[in-house]
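# Survey of secondary and tertiary structure
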Amino acid sequence: MEKSADSKQAVELKGTRDQIYSQISGNKDSEAFFLKTKPNVMMFVVLLNETKIKDLYISEGIYRTIPQKVMKSLKKSVNLVVKKCRRGRPHKYSEEEIRRILQESGSNDEKMKKLGMPRRTFFYWKRKLGFSKKRKRK
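Everything quoted here is computed from the prediction, not taken from an experiment. Within every chain, residues take consecutive numbers counted from 1 along the sequence as written. Per-residue local features of the predicted model are confined to residues with pLDDT of at least 70, and side-chain atom pairs are confined, for both listing and counting, to 80 or more; whole-chain, interface and lining totals are unaffected and use all residues. As a convention, hydrogens and water are excluded, and side-chain values are obtained from all of the structure's heavy atoms.

### Quick look at the layout of surface pockets
- In the cavity and pocket records, a cavity denotes points on a 1 Å grid over the protein atoms alone where a 1.4 Å probe fits but cannot get out, a pocket denotes an open set with protein on both sides within 12 Å along at least 5 of 7 lines, and lining residues are residues with an atom within 4 Å of a point. Grid points are joined across faces, edges and corners, and a volume is the space filled by probe spheres set on the points. Considered as a void within the structure, the largest pocket measures approximately 170 Å³ in volume.
- Considering the residues around the largest pocket, the lining is formed by Phe-34, Leu-35, Lys-36, Ser-59, Glu-60, Gly-61, Lys-83, Lys-84, Cys-85 and Arg-87.
- Secondary structure elements with two or more residues in the lining of the largest pocket: β3 (32-35) and α3 (60-65).
- By residue class, the composition of the lining of the largest pocket is three nonpolar, two polar and five charged. Elements are defined by DSSP. Helices are runs of H or I of four residues or more, strands are runs of E of two residues or more, and each kind is numbered from the N terminus. Amino acids are sorted into nonpolar (Ala, Val, Leu, Ile, Met, Phe, Trp, Tyr, Cys and Pro), charged (Asp, Glu, Lys and Arg) and polar (every other residue, Gly among them).

Listed below in structure tokens is the structure:
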């Protein structure tokens, strides 16, 4: 379960269709749901008929896959909130901190020790943030 912006508990709906339908039937008194799997129309019908849904949270990617007609009719009865979600593992190092240290003077070894990161990761970030100098070949 995940905390929503309104400090209510939002039930996460993810997995196979059967798992989602069992989650819906197990949480009939819930008012907030967070949809993490691409839905079909039947899923919306079950959500509206079998639960006391008031808030539906959807990621941007899933929102783009749902037809606009379905979204318009859904917005009439449910408060629809599109959330910005990041996929994948979070960054281990802060981009702001890396930028700050790369702008300081000193050798690469000193900067790597300050950041506490491996050499390969250091040069990856240095190149990604545009601090590396490209040499021209003759």
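### Examining the packing of aromatic side chains
- In this scheme Phe, Tyr and Trp rings, the latter by its six-membered ring, pair at centre separations within 6.5 Å, and the angle between planes marks the pair as stacked below 30 degrees, edge-to-face above 60, and tilted otherwise. Scanning all chains against the criterion turns up two aromatic pairs.
- Ring geometry for Phe-122 and Phe-123: centres 5.2 Å apart, planes at 80°, overall edge-to-face.
- Here Phe-123 falls in the partly exposed class, since its relative accessible area comes to 31%.
- Look at Tyr-124 and Trp-125: their rings are 5.8 Å apart centre to centre, the planes differ by 80°, and that puts the pair in the edge-to-face class. Per-residue accessibility, obtained with a 1.4 Å probe over protein chains only, is compared with the maximum for each type, and a residue is labelled buried under 20%, exposed over 50%, and partly exposed between these values.

### A closer look at the side chain of Ser-30
- Summarising the element assignment, Ser-30 is placed in the loop between α1 (17-26) and β3.
- Here, two residues are considered to be in contact whenever any of their heavy atoms come within 4.5 Å of each other. Not counting residues within four places of it along the chain, the set of residues in contact with Ser-30 comprises Val-11, Thr-51, Lys-52 and Ile-53.

### Some points on the nonpolar core
- The nonpolar core is taken to be a set of buried Ala, Val, Leu, Ile, Met, Phe, Trp, Tyr and Cys residues, with the residues joined through side-chain atoms within 4.5 Å. Formed by 19 residues in total, the largest nonpolar core has its most connected members in Leu-13, Ile-24, Phe-33, Leu-35, Leu-47, Leu-56 and Ile-58.
- Among the elements of the structure, β2 (9-13), α1, β3, α2 (41-50), β4 (55-59) and α4 (68-77) are those that each provide at least two residues to this core.
- No other element matches α2, which puts four residues into this core.
- Ranked by size, the runner-up nonpolar core spans 10 residues in total, among them Tyr-93, Ile-98, Leu-102 and Leu-129.

### Overview of the environment of Lys-84
- Here Lys-84 shows up in the loop between β5 (79-83) and α5 (95-103).
- Taking the relative accessible area as the measure of exposure, Lys-84 reaches 72% and is therefore exposed.
- Taking C-alpha positions, Lys-84 is 8.6 Å from Ile-58, a pair spaced 26 residues apart along the chain.

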